[in-house]
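Each chain, letter by letter, is given below.
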Amino acid sequence: MAWRLLLLLVAARAAEPWTRAPASVAGAAGKLAQPSVRPPVYTVDLALPAEQRWAHIAEAYRSKVPDIVAYFEAVVPRWAMPLVEAVGARMGGYFHLYGGEMAGLAEALGASPGLIVLMNLVYQLEGLGLNCSTWNVTGPTRKDDPGCVDVDPGQEWSYCHSAHAAGAMQSHDGFTYLSRKLDEADGPGMCTSIVAQATDGTIIHGRNLDWNLPAVMRSLVVDVDFVNTSKSADTLFRMTTAVGFVGGFNGMAYRGRGGDGWSVTIDARGKGGKPLDNLLQALRVHSLTPCQHLRHVLERTSDFEQGISALSTTPLIDEMYYIVAGTKAAEGAVVTRGREKAVDVWRLNPSEPDGWFRLQTNYDHWNPVPAADDRRNPGIAMMKATGQAGLSTASMWHVITSFPVFNHHTDISLIAMPQKQIFNVTVWMGGEH
């Protein structure tokens, strides 16, 4: 009977929300105290042939390629590689907008086309080598948790039986792949974005990207100013990306082209859905990744409403949230994307109680969040405590660097204010995941 009691104790401990784990709090405090950097800023000229645009950046990072290869070999299962290689062999066909750039990156980095494909699908593939327990990497999500049911009504992939946490094999859609063991110090591997309006109408945008990236991948993070010298020397937009990656995690369009500028961040929707389905969507439909779509819209628009409209359309590989800030009062919104189009646009409405801000994590705002991963309610409480009258870039920074909005898996933080063309990115370099 003793072993049964031990199993019950272990299961109870594993089910504890990560936001209440002392190790999580300590890990976040430790990471916040360690070194951080502002990413280097490079320029990409869209007037150049696509294959040449990134060469000057890629050549500076060639020495990191072996470590990048090792990272993907550790997280992507072998069964996925033939699919990835098939995409790499016809890169221009699958990535019709950016295939030329990806081919040029492969050459400049001295990397295989397959590696560049992996890098550009990394937001969709990060769970391929893991079982469904990564939907909540701090322990199995609880059966019948309302948040789990809303994300996956059949609980076929988001609900994880306790056996999966012990390193069992997981099967899905005919494939079997190895799960990972869980650790009480693991974090959500997700994101939080906030858009808010101050009393003077200024819009402030904050976000954390919680992605569990190893140090070698964090060292690839750069800000890129995109120009088109055939038309003007002015910067069209700035985008946060990683060398080898042609899409973006954050971005801000500058004034001009018929608008006053706007900023955008992305959050995964329900952990991004089933990673195998995402990959098959890329193979079958040749859809854009959400990160590529973010860039494509920034290239075409500098107006908040135009940005909202463009982000709401175009087929995507997987579901996503786009969090958008403009330059005028009430110009803030969360665009909830399905694969084909937006299913909801949740705008600022300062006339409503607490409508002066919108806080988005990884779950639809109209549904409850899973008890196992509730960053929403602590974040909302912090924003209410700040108050609209107290909102500033400094107070937004305080919120996004406070636990659990900031946690030990936060890799990138952003404060943006399009009205004043502020776009400050911080990469948290300290510690290993």
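Residues numbered from 1 in each chain as written. Predicted model: local features only at pLDDT ≥ 70, side-chain atom pairs only at ≥ 80, totals over all residues. Heavy atoms only, no water.

**Topic: the overall build of the chain**
Working step 1: For the chain, the count of helices and strands is 16 helices and 16 strands.
Working step 2: A fraction of 68% describes how many contacts in the chain between residues 6 or more apart in sequence connect residues 24 or more apart.
Working step 3: Surface summary for the chain: the accessible area is close to 16,600 Å², and the carbon and sulfur share equals 55%. (Helix = DSSP H or I, 4+ residues; strand = E, 2+ residues; numbered from the N terminus. Contact = heavy atoms within 4.5 Å. Areas by Shrake-Rupley, 256 points an atom, 1.4 Å probe, with all protein chains shown as cover.)

**Quick notes on the sheet that holds strand β8 (residues 232-242)**
Working step 1: Judged by pairing direction, the sheet is mixed, and its eight strands sit side by side in the order β2-β7-β8-β9-β10-β11-β12-β13 without closing on themselves. The two strands at the open ends of the sheet, each matched to only one other strand, are β2 (41-45) and β13 (342-347). Strand-to-strand twist across the sheet, computed as the mean angle between neighbouring axes with direction ignored, equals 20 degrees.
Working step 2: Relative to strand β7 (residues 221-228), β2 runs parallel, the two being bridged by five bridges. Paired with D45 across the two strands is V227, which belongs to β7.
Working step 3: Contacting β10 (262-268), β11 (320-325), β12 (332-337) and β13, helix α14 (residues 304-311) crosses the sheet at an angle of about 10 degrees to β12. (Pairing = 2+ DSSP bridges. Axes fitted to C-alpha atoms, helices over the stretch in contact; angles between N-to-C directions.)

**A word on the environment of K31**
Working step 1: Following the sequence through the fold, K31 ends up in helix α2 (residues 22-33).
Working step 2: Since its relative accessible area comes to 4%, K31 is described here as buried.
Working step 3: Residues K31 and H409 lie 378 residues apart in sequence; the distance between their C-alpha atoms is 8.5 Å.
Working step 4: Here the side chain of K31 touches T410 through a polar contact of 2.9 Å, landing on its backbone oxygen. (Buried < 20%, exposed > 50% of the residue type's maximum accessible area, 1.4 Å probe, protein only. Polar contact = N/O pair within 3.5 Å; in protein donor to acceptor, adjacent residues only side chain to side chain.)

**A closer look at the packing of aromatic side chains**
Working step 1: Following the criterion strictly, the structure yields nine aromatic pairs and no others.
Working step 2: Aromatic pair Y42 and Y61: ring centres 6.5 Å apart, planes at 70 degrees, arrangement edge-to-face. Here Y42, found in strand β2, pairs with Y61, found in the loop between α3 (55-58) and α4 (65-75); they are 19 residues apart in sequence, far enough to count as distant.
Working step 3: The exposure class of Y61 is buried, given its relative accessible area of 8%. (Phe/Tyr/Trp six-rings, centres within 6.5 Å; stacked < 30°, edge-to-face > 60°.)

**A look at helix α15 (residues 376-386)**
Working step 1: Those residues of α15 that fall on the buried side of the exposure criterion are R376, G379, M382 and M383. Around the axis of α15, the buried residues are gathered within 130 degrees of arc, so they sit on the same side.
Working step 2: The elements touched by buried residues of α15 are β5 (191-197), β14 (357-360) and α16 (393-400).
Working step 3: Positive backbone phi, approximately 75 degrees, marks G387, located one or two places after α15. (Arc of directions from axis to C-beta.)

**Some details on empty space enclosed by the protein**
Working step 1: Under the defined criterion, the tally for this structure stands at three cavities of 30 Å³ or more.
Working step 2: In this structure, the largest cavity encloses a volume near 80 Å³.
Working step 3: Looking at the largest cavity, the residues that line it are M119, V122, W211, L213, M217, V221, A242, F245 and F249.
Working step 4: For the lining of the largest cavity, a count of residues per class yields nine nonpolar, no polar and no charged. (1 Å grid on protein atoms, 1.4 Å probe; cavity = no way out; pocket = protein on both sides within 12 Å on 5 of 7 lines; lining within 4 Å. Points joined across faces, edges and corners; volume = space filled by probe spheres on them. Nonpolar A, V, L, I, M, F, W, Y, C, P; charged D, E, K, R; others polar.)

**So, the confidence of the model for the chain**
Working step 1: Chain-level statistics for the chain give a pLDDT mean of 81 and a share of 76% at 70 or above.
Working step 2: Scored below 50 in pLDDT, residues 1-15 makes five contacts in the model with residues more than four places away or belonging to other chains.
Working step 3: Between residues 126-141, whose pLDDT stays under 50, and residues either more than four places distant or in other chains, the model counts 70 contacts. (pLDDT = per-residue confidence, 0-100.)

**Description of the environment of A215**
Working step 1: Take A215: it is sitting in helix α11 (residues 215-218).
Working step 2: Residue class for A215 comes out partly exposed when judged on its relative accessible area of 22%.
Working step 3: Residues A215 and D411, 196 residues apart in the sequence, show an inter-C-alpha distance of 9.5 Å.

**Thoughts on the nonpolar core**
Working step 1: One finds F72, I116, M217, W262 and Y322 to be the most contacted residues of the largest nonpolar core, which totals 77 residues.
Working step 2: Beyond its immediate chain neighbours, meaning those up to four positions away, Y322 contacts V264, T265, I266, P290, H293, L294, L311, L316, A333, V334, V335 and R337.
Working step 3: L359, V399, I400 and V405 belong to the second largest nonpolar core, which has 16 residues in total. (Core = buried A, V, L, I, M, F, W, Y, C linked by side-chain atoms within 4.5 Å.)

**Some words on the side chain of R238**
Working step 1: Looking at where R238 falls in the secondary structure, it is placed in strand β8.
Working step 2: With near-sequence residues (within four places) excluded, R238 lies in contact with V41, D223, V224, D225, N250, G251, M252, Y254, L298 and F423.

**Examining the packing of helix α13 (residues 290-300) against α14**
Working step 1: One can describe the packing of α13 onto α14 by two numbers: an axis separation of 10 Å at closest approach and a directional angle of 145 degrees. The handedness of the crossing between α13 and α14 comes out as right-handed. Of the residues in α14, those in contact with H293, L294, V297 and R300 of α13 are G307, A310 and L311.
Working step 2: For the contact of α13 with α14, a count of residues per class yields four nonpolar, two polar and one charged. (Left-handed = near helix turned anticlockwise from the far one by under 90°.)

**Here's the deal with the pattern of salt bridges**
Working step 1: All told, the structure shown has 14 salt bridges when counted by the stated rule.
Working step 2: Here the salt bridges share partners, and the residues they tie into one network are R53, E101, R295 and E299. (Salt bridge = Lys/Arg side-chain N within 4 Å of Asp/Glu carboxyl O.)

**A word on helix α8 (residues 113-120)**
Working step 1: Among the eight residues of α8, seven are classified as buried, and the element is accordingly described as predominantly covered.
Working step 2: Along α8, the residues classified as buried are G114, L115, I116, V117, L118, M119 and N120.

**Structural notes on the pairing of strand β15 (residues 410-417)**
Working step 1: Burial analysis of β15 places eight of its eight residues in the buried class, which makes it a mostly covered element.
Working step 2: In terms of strand pairing, strand β6 (residues 203-210) meets β15 through six bridges, oriented antiparallel. The residue of β15 that forms the bridge with D210 is T410.
Working step 3: With six bridges connecting them, β15 and strand β16 (residues 422-428) associate as antiparallel partners. Each bridged residue has a counterpart across the sheet, and for S413 the counterpart in β16 is T426.
Working step 4: Between β15 and β16, which pair antiparallel in sequence order, lie four residues; one of them, Q421, sits at a positive phi of approximately 55 degrees.

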